[in-house]
Amino acid sequence: LVVVNLYPFEETVLKNAPLSEIIENIDIGGPALIRSAAKNYQSVAVVCNPNMYAQIISELNSTKTISEKTREHLAVEAWTHVSHYDVCIERYFRTQFGYKEEMPEYLNLTFRKKQDLRYGENPHQKSAVYRDSFHRNPSVLDGIQIQGKQMSYNNVLDCNAAFKLIREFEEPTAVIVKHNNPCGVASADSIVEAYKIAKSVDPEAAFGGIVFVNRPVDDILATEITSRFVEIVVAPKFSASALEV
C-alpha cells in the first residue's frame, strides 16, 4: 500500500505566492512514487486521493485485502492525478516565461469538475461542468447557488450568455436569456424599472428564462420577478426577504 499526497503546487499558484515558493512546491519524489506504484498495480495499491481513505480502510477491514478491481481504479486515478499535476506545472511556466507557440505540437489542457448537472442538452443525457483552475477572469461558475434544484447544462449555458452580456453595462440593468438568446435587456434608474422594461420586450419568450441583474435583489424586485415563472435569478446579492419570496 503506497499513500502519497503531493506538494500543493496548484494551490500555491492560486494564492499568488512568490516564484521561489511556487518552485519549492513542485513535488519530485511524490510523482515518482505514485507512477512506480501504479505501474505495479497488480500487487500494489496506490492512494493519492484522501477521499478514498474511508473506502480503502473499509475494504481492508472486511476482506483483509484490496481487490484487483479497486487496485485498477486506484491506478487510473493515480495516473490522472499526476497528469493533472504535470500539466498545471507546464501551463504555469509557459505563462511565467512568456513562452507562446501558435500551434504547439502537444496541446495539454486540464480541467477540474466543478459539479454534476441535472441533465445534459436533453433530459436523457448525463452532464457535468468543468473549469480551468488557472482561469482568472470572472465566470458564472464563481457564483454560489443559494437555493433551488440542481442546475442543468442549458441553465449553465444561459447563465454564461447572460453574464457576458450584463458585463457590458454599469448602470442598473436586467438581462433575460432563453435558449442562449437574449429576449429582454434594459437599463433604467432603478433595477426594478430595468427588469420591468426587459420583461416587456418579449413577455412570451421571457417565460422560463434566466434573469440576471447587476444590483442586489430585494423583496420588491423578487415579487416582480416571480410574477411569471423563471428558471434562475442571478444577482450580486439577495436580501433575506427576497429569498423568502
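Our subject in this report is the structure included herewith. (Residues numbered from 1 in each chain as written. Predicted model: local features only at pLDDT ≥ 70, side-chain atom pairs only at ≥ 80, totals over all residues. Heavy atoms only, no water.)

### Focus: helix α6 (residues 153-166)
Each full turn of the α-helix corresponds to 3.6 residues, which orients residues three or four apart in the same direction. In this model α6 runs 20 Å from its N-terminal to its C-terminal C-alpha over 14 residues, within 8% of the 20 Å that 1.5 Å per residue would give. Turning to α6, its buried residues are N155, V156, D158, C159, A162, F163 and I166. Viewed end-on, α6 has its buried residues packed into an arc of 165°, placing them on one side of the element. Considering only its buried residues, α6 is in contact with β4 (128-131), β5 (173-178), β7 (210-213) and β8 (232-234). (Helix = DSSP H or I, 4+ residues; strand = E, 2+ residues; numbered from the N terminus. Expected span 1.5 Å × (residues − 1). Buried < 20%, exposed > 50% of the residue type's maximum accessible area, 1.4 Å probe, protein only. Arc of directions from axis to C-beta. Contact = heavy atoms within 4.5 Å.)

### Remarks on the packing of helix α3 (residues 29-39) against helix α5 (residues 68-96)
When two helices pack together, their arrangement is given by the angle between their axes and by how far apart the axes lie. Interhelical geometry of α3 versus α5 gives an angle of 150° and a closest axis separation of 9 Å. By the criterion of interaxial angle, the relationship of α3 to α5 is roughly antiparallel. Seen along the crossing, α3 lies across α5 with a hand that is left-handed. When α3 is examined against α5, the residues P31, I34, R35, A38 and K39 are found in contact with a partner set consisting of A75, A78, W79, H81, V82, Y85 and D86. (Axes fitted to C-alpha atoms, helices over the stretch in contact; angles between N-to-C directions. Parallel < 35°, antiparallel > 145°, perpendicular 65-115°, else oblique. Left-handed = near helix turned anticlockwise from the far one by under 90°.)

### Comments concerning the packing of aromatic side chains
Under the counting rule described, the total for this entry stands at six aromatic pairs. Here the aromatic rings of F9 and Y85 are separated by 6.3 Å at their centres, their planes lie at 65°, and the arrangement is edge-to-face. Linking F9 in helix α1 (residues 9-14) with Y85 in helix α5, this pair joins segments that are 76 residues apart in sequence. Like Y85, F9 is buried. An angle of 85° between the planes, with centres 4.9 Å apart, marks the rings of Y92 and F93 as edge-to-face. Given the relative accessible area of 13%, Y92 is considered buried. Members of the aromatic cluster, each reached through a chain of ring pairs, are F9, Y85, Y92, F93 and F97. (Phe/Tyr/Trp six-rings, centres within 6.5 Å; stacked < 30°, edge-to-face > 60°.)

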